[in-house]
Amino acid sequence: MFAISLGDDGAELRPLEPWRAEEFLAHMDRGREYIGRHIGLPDIVTDLDSARAFLRSYAEKAANDAGRILGIWTGDTLVGGVMLRTMDVTYGTAEAGCWLEPSAAGRGLVTRACRIVIDWAVEERGIHRVEWYASTENRSSVAVARRLGMTREGVLRENYPHRGSRANTELWSVLAPEWRAAKKEKEKAEEGREKERAGE
């Protein structure tokens with residue numbers, strides 16, 4: 001099993017596979033109300049069978065090169081995840097998404113994890129356009145889109161039925177050339193900081 005470090009705090013990105021269904025369900029139970037404020041995932045994953053079915057659906061997407069799902073761990077605890085909910089290699093488009101339980105919020109974990117997933121989609125799978133959908137009420141998700149260098153393209157009015165009401169959804173996206181340019185700028189800035197620390 002592989003794990004990708006998310007930084008100096010020990011957080012890791014790992015595959016979220018069907019055999020982890022029990023762990024996934026326990027995580028969802030811990031964060032059910034918090035996660036479910038804006039997305040329907042906790043309403044889909046309600047017991048072990050549904051947790052296993054959800055993860056199997058992503059295993060099938062991965063097998064068909066049509067999506068991916070990865071979990072975010074801090075120590076031995078699954079605290080969230082990122083996904084390519086859809087991925088169409090032929091058209092070069094994908095939709096990224098995320099969720100996080102409250103104990104892990106405010107630490108930049110989702111932004112760091114999404115950078116890895118989006119970079120993989122762009123550089124390894126040739127995805128040209130990555131989309132991000134966020135409820136207008138979900139300020140944390142909107143902030144992640146901004147930090148990822150995405151452009152807000154508009155609002156889909158009352159497009160998302162959720163727990164008895166209809167939410168407005170902001171559509172954000174980043175194109176491969178924009179992603180690469182921002183990555184180069186970030187690398188240059190990091191090089192500059194390294195030189196400053198070294199006293200050059």
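Residues numbered from 1 in each chain as written. Predicted model: local features only at pLDDT ≥ 70, side-chain atom pairs only at ≥ 80, totals over all residues. Heavy atoms only, no water.

**Details of the sheet that holds strand S5 (residues 93–100)**
Phase 1 of the analysis: Across the sheet, eight strands lie side by side as S1-S2-S3-S4-S5-S6-S8-S7; this open sheet has mixed pairing. Here the strands that pair on one side only, and so sit at the sheet edges, are strand S1 (4–5) and strand S7 (151–162).
Phase 2 of the analysis: Of the pairings in the sheet, the one linking strand S6 (residues 129–135) to strand S8 (residues 165–175) comprises seven bridges and is antiparallel in character. Pairing of Trp132 across the sheet is with Trp172, part of S8. (Pairing = 2+ DSSP bridges. Helix = DSSP H or I, 4+ residues; strand = E, 2+ residues; numbered from the N terminus.)

**So, the pairing of strand S4 (residues 77–88)**
Phase 1 of the analysis: Two elements, strand S3 (residues 68–74) and S4, share seven bridges in a ladder whose sense is antiparallel. Paired with Thr74 across the strands is Thr77, a residue of S4.
Phase 2 of the analysis: A loop of two residues connects S3 with S4, the two strands running antiparallel in sequence, and Gly75 in this loop sits at a positive phi of about 65°.
Phase 3 of the analysis: Summarising the sheet, S4 and S5 pair through eight bridges and their orientation is antiparallel. Pairing of Gly81 across the sheet is with Trp99, part of S5.
Phase 4 of the analysis: The loop that links S4 with its antiparallel partner S5 comprises four residues; one of these, Gly92, has a positive phi angle of about 70°.

**Brief notes about helix H3 (residues 48–63)**
Phase 1 of the analysis: Over its 16 residues, H3 runs 22 Å from end to end, which matches the ideal 22 Å to within 8%, given 1.5 Å per residue.
Phase 2 of the analysis: Of all the positions in H3, only Ser50, Ala51, Phe54, Leu55 and Tyr58 are classed as buried. Summarising the axial view, the buried residues of H3 lie within an arc of 130°, below the 170-degree limit, and thus occupy one face. Seen from the open side of H3, the exposed residues pointing more than 90 degrees away from its buried face are Asp49, Glu60 and Ala63.
Phase 3 of the analysis: Buried residues in H3 make contact with helix H1 (21–35), helix H2 (41–44), S3 and S4.
Phase 4 of the analysis: If you check the start of H3, you find a side-chain oxygen 3.3 Å away from the backbone N of Asp49, and it comes from Asp47.
Phase 5 of the analysis: Note on H3: the residue one or two positions beyond its end, Asp65, has a positive phi of about 55°. (Expected span 1.5 Å × (residues − 1). Buried < 20%, exposed > 50% of the residue type's maximum accessible area, 1.4 Å probe, protein only. Arc of directions from axis to C-beta. Contact = heavy atoms within 4.5 Å. Polar contact = N/O pair within 3.5 Å; in protein donor to acceptor, adjacent residues only side chain to side chain.)

**As for the environment of Ser103**
Phase 1 of the analysis: For Ser103, the position within the fold is in the loop between S5 and helix H4 (109–125).
Phase 2 of the analysis: Under the relative-accessibility criterion, Ser103 is labelled exposed at 52%.
Phase 3 of the analysis: With 47 residues separating them along the chain, Ser103 and Met150 place their C-alpha atoms 26 Å apart.
Phase 4 of the analysis: At 3.0 Å, the side chain of Ser103 and the side chain of Glu101 are in polar contact.

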